[in-house]
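One letter stands for each residue in the lines below.
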Amino acid sequence: QVQLVESGGGLVQAGGSLRLSCAASGRTFSSYAMGWFRQAPGKEHESVAAISRSGGNTVYRDSVKGRFTISRDNAKNTVALQMNSLKPEDTAVYYCAASGRRVLPTTSIGEYDCWGQGTQVTVSS
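On a predicted model such as this, the values are computed, not experimentally measured, just so you know. (Residues numbered from 1 in each chain as written. Predicted model: local features only at pLDDT ≥ 70, side-chain atom pairs only at ≥ 80, totals over all residues. Heavy atoms only, no water.)

Quick word on the pattern of salt bridges
Going by this rule: Salt bridges are counted wherever a side-chain nitrogen of Lys or Arg sits within 4 Å of a carboxyl oxygen of Asp or Glu. Only DSSP runs of H or I reaching four residues or more are called helices, and only runs of E reaching two or more are called strands; each is numbered from the N terminus.
Under the criterion given, the structure shown has six salt bridges. One salt bridge connects Arg67 with Asp90, and the closest N-O pair in it is separated by 2.8 Å. With Arg67 in the loop between strand 6 (58–60) and strand 7 (68–73) and Asp90 in the loop between strand 8 (78–83) and strand 9 (92–99), the pair connects residues that are 23 residues apart, well separated along the chain. Here Arg101 and Asp113 are joined by a salt bridge, their closest N and O atoms 2.9 Å apart. Note that Arg101 is positioned in the loop between strand 9 and strand 10 (114–115) and Asp113 in the loop between strand 9 and strand 10, a separation of twelve residues in sequence.

Comments concerning the state of the cysteines
Here is the rule we go by: A pair of sulfur atoms, both from cysteines and within 2.5 Å, is called a disulfide here.
Across all of its chains, the model carries one disulfide by this definition. There is a disulfide in this structure between Cys22 and Cys96, and the S-S distance comes to 2.1 Å. An S-S torsion of about -75 degrees defines the bridge between Cys22 and Cys96 as left-handed. Highlighted residues: Cys22 in strand 3 (residues 18–26) and Cys96 in strand 9, separated in sequence by 74 residues. You can see Cys114 has no disulfide; the closest cysteine sulfur is in Cys96, sitting 9.7 Å from it.

None of this, on its own, says anything about what the molecule does.
So this is what it looks like as structure tokens:
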């Protein structure tokens, strides 16, 4: 399995930007499809974005399309989430996750084997 560590969270005003990064160690990073999830207080985890093993395919939840971009660098064992035009409703703990079963991206939380510890994103109005 891979070990995942997120970074880049913080406090930002509405309309601002943040870039989350997830560093992976352990097994071969390129063998995993990757995803970003988030959990707001009192709510369940929800998929934000996912990317295929090669990085050639991505999927996004509707509410972040056009604002968020997921990318990966298999040479550096990292996956990033660029978040622009942030809104207060984007406030949540963001988690990086890895799926060893999938080649293509998936939003299904049950397909992910490994999770990071999460990083807090707070968007003020």
